[in-house]
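Architecture and fold: a report
Okay, here's what each chain looks like letter by letter:
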Amino acid sequence: MIIFHLMSESLYSLRMHARCQDSHLSGCERLAATDDLERLAAEMVGRALQHPRGRAERIRLSIDLVPAETIRRGRLLDLHTVRVDDYRQGRQAARQLLLAAGVHADAADAAIERIAQGAAPDGRSMRGAMLIDAVSGARLEADPARGVRASRMDLTPATERELRQRLAMRGLDNPHVREALVLATKVLAAPQVLAELCWSDDPDYTAGYVATREHGYVRFPHLKPPGEERGGRAFFVRGDSFDPEALSAFLEHAVLLIDEVGEIGGTSDWKEQPCGN
Ligand code: PML
């Protein structure tokens, strides 16, 4: 549950997007106090230049002041890991969790297949997420190449320190986990979103997750085979009450500063549900 209240200090929103050979390479988001701005901007540029899929040819860095009165606060989703043998079992387990969150089977299957095949029109990974009608499986985003982005969210420095310590105890303190957990927390704060499915487009990183309000952020160490570059995100929405403008405005523009760590749980074995069709 996200609890919102007002901040007293303004912050800067930093957003980086890097491209290589005319396609998306890397992107990230931070919120920073004035004192941290230069350090974080330099870190973002370094990251775009050292990406495992290549060296950035174009880096866009946007920095915007965020007035104090527009900043909301919240708590991270709880996290735990489900052990799966390989990506096929991982996708079955992810599907099962999506169904438990109210996503219909055809919609879950369509999203898994689209991410696996490269959801952008050119068959590559999208920069943003697909918006999927949780009942019909129809794609709802206005621009299927760009998709929808979740932006302007971060941890307070003290929360980041605590999160890193607690993730380190589980061997999970890496940027993939930290950034995905923050992003999923913002996505699930949107009342229209039922669930998120994601796996990485980094060929060396096979893990992914399903995030839901009931179960939090559930990681699967394998949602794709090693070496595979295609990955991405799907946000499942209730088609009957879907308001595209309100959802995009919240995901892309509302500012969320997270000041509380949720539960960082251990690893459990996946158990197939007999009726998980
Ligand atoms: C990404 O970094 O591209 C997405 C990462 C998803 C999984 C992160 C995790 O291991 O929990």
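Before going into details, it helps to say that this report is about the structure given with it. The shown structure was predicted, so the numbers you read here are calculated from the model rather than taken from an experiment.

About the criteria used
Residues numbered from 1 in each chain as written. Predicted model: local features only at pLDDT ≥ 70, side-chain atom pairs only at ≥ 80, totals over all residues. Heavy atoms only, no water. Pairing = 2+ DSSP bridges. Helix = DSSP H or I, 4+ residues; strand = E, 2+ residues; numbered from the N terminus. Axes fitted to C-alpha atoms, helices over the stretch in contact; angles between N-to-C directions. Near = heavy atom within 4 Å. Polar contact = N/O pair within 3.5 Å; in protein donor to acceptor, adjacent residues only side chain to side chain. Areas by Shrake-Rupley, 256 points an atom, 1.4 Å probe, with all protein chains shown as cover. Buried < 20%, exposed > 50% of the residue type's maximum accessible area, 1.4 Å probe, protein only. Lys, Arg positive; Asp, Glu negative; His and termini not counted. Salt bridge = Lys/Arg side-chain N within 4 Å of Asp/Glu carboxyl O. Contact = heavy atoms within 4.5 Å. Parallel < 35°, antiparallel > 145°, perpendicular 65-115°, else oblique. Left-handed = near helix turned anticlockwise from the far one by under 90°. Nonpolar A, V, L, I, M, F, W, Y, C, P; charged D, E, K, R; others polar. Phe/Tyr/Trp six-rings, centres within 6.5 Å; stacked < 30°, edge-to-face > 60°. Lys NZ or Arg CZ within 6 Å of the ring centre and 35° of its normal. Expected span 1.5 Å × (residues − 1). Arc of directions from axis to C-beta.

1. Digging into the sheet that holds strand β4 (residues 71-75)
Within a sheet, each strand pairs with its neighbour through backbone hydrogen bonds, oriented either parallel or antiparallel. Overall, parallel pairing links the 3 strands, which are arranged β4-β12-β7 in an open sheet. Two strands bound the open sheet, and with one partner strand each, they are β4 and β7 (153-155). Looking at each pair of strands side by side, their axes are set apart by 30° on average, direction ignored. Bridge count between β4 and strand β12 (residues 255-260): 5 bridges; the pairing is parallel.

2. Quick look at the site of the ligand
The local shell around the ligand consists of His176, Val177, Cys198, Ser200, Tyr205, Ala207, Gly208, Tyr209, Tyr217 and Arg219. Here His176 contributes a side-chain N or O atom positioned 2.6 Å from an oxygen atom of the ligand. At 3.0 Å, a side-chain N or O of Ser200 approaches an oxygen atom of the ligand. Here the ligand, which alone exposes 340 Å², has 90% of that area covered by the protein. Those elements giving two or more residues to the shell around the ligand turn out to be α5 (175-188), β9 (208-212) and β10 (216-220).

3. Section: the side chain of Asp202
When you line up the elements, Asp202 lands in the loop between β8 (193-199) and β9. Comment: no salt bridge for buried Asp202; closest opposite-charge side chain is Lys224, at 6.1 Å. Here His176 takes part through its side chain, which lies 3.4 Å from a polar atom of the side chain of Asp202. The contact partners of Asp202, leaving out residues within four places of it in the chain, are Pro52, His176, Lys224 and Glu228.

4. As for the packing of helix α4 (residues 157-168) against α5
Running from N to C, α4 and α5 point in directions that differ by 125°, and their axes come no closer than 11 Å. Between α4 and α5, the angle falls in the class oblique. Crossing geometry of α4 relative to α5 is assigned as right-handed. Note on element contacts: α5 touches α4 through Val177, Arg178 and Leu181, opposite Glu160, Leu163, Arg164 and Leu167. Among the residues forming the contact of α4 with α5, the class breakdown is 4 nonpolar, no polar and 3 charged.

5. Focus: the packing of aromatic side chains
Applying the stated criterion to the full structure yields 1 aromatic pair. Their ring planes at 25° and their centres at 4.3 Å tell us that Tyr209 and Tyr217 sit as a pair that is stacked. The side chain of Lys186 reaches across the aromatic face of Phe250, ending 5.4 Å from its centre.

6. With respect to helix α1 (residues 37-49)
Spanning 13 residues, α1 covers 19 Å between terminal C-alpha atoms, matching the ideal 18 Å at 1.5 Å per step. Among the residues of α1, Leu37, Leu40, Ala41, Met44 and Ala48 are the ones counted as buried. One side of α1 carries all its buried residues, which in axial view fall inside an arc of 100°. Turned more than 90 degrees off the buried face of α1, the exposed positions are Glu38 and Ala42. Looking at the packing, one finds that the buried side of α1 touches β1 (11-20), β2 (23-32) and β3 (58-66).

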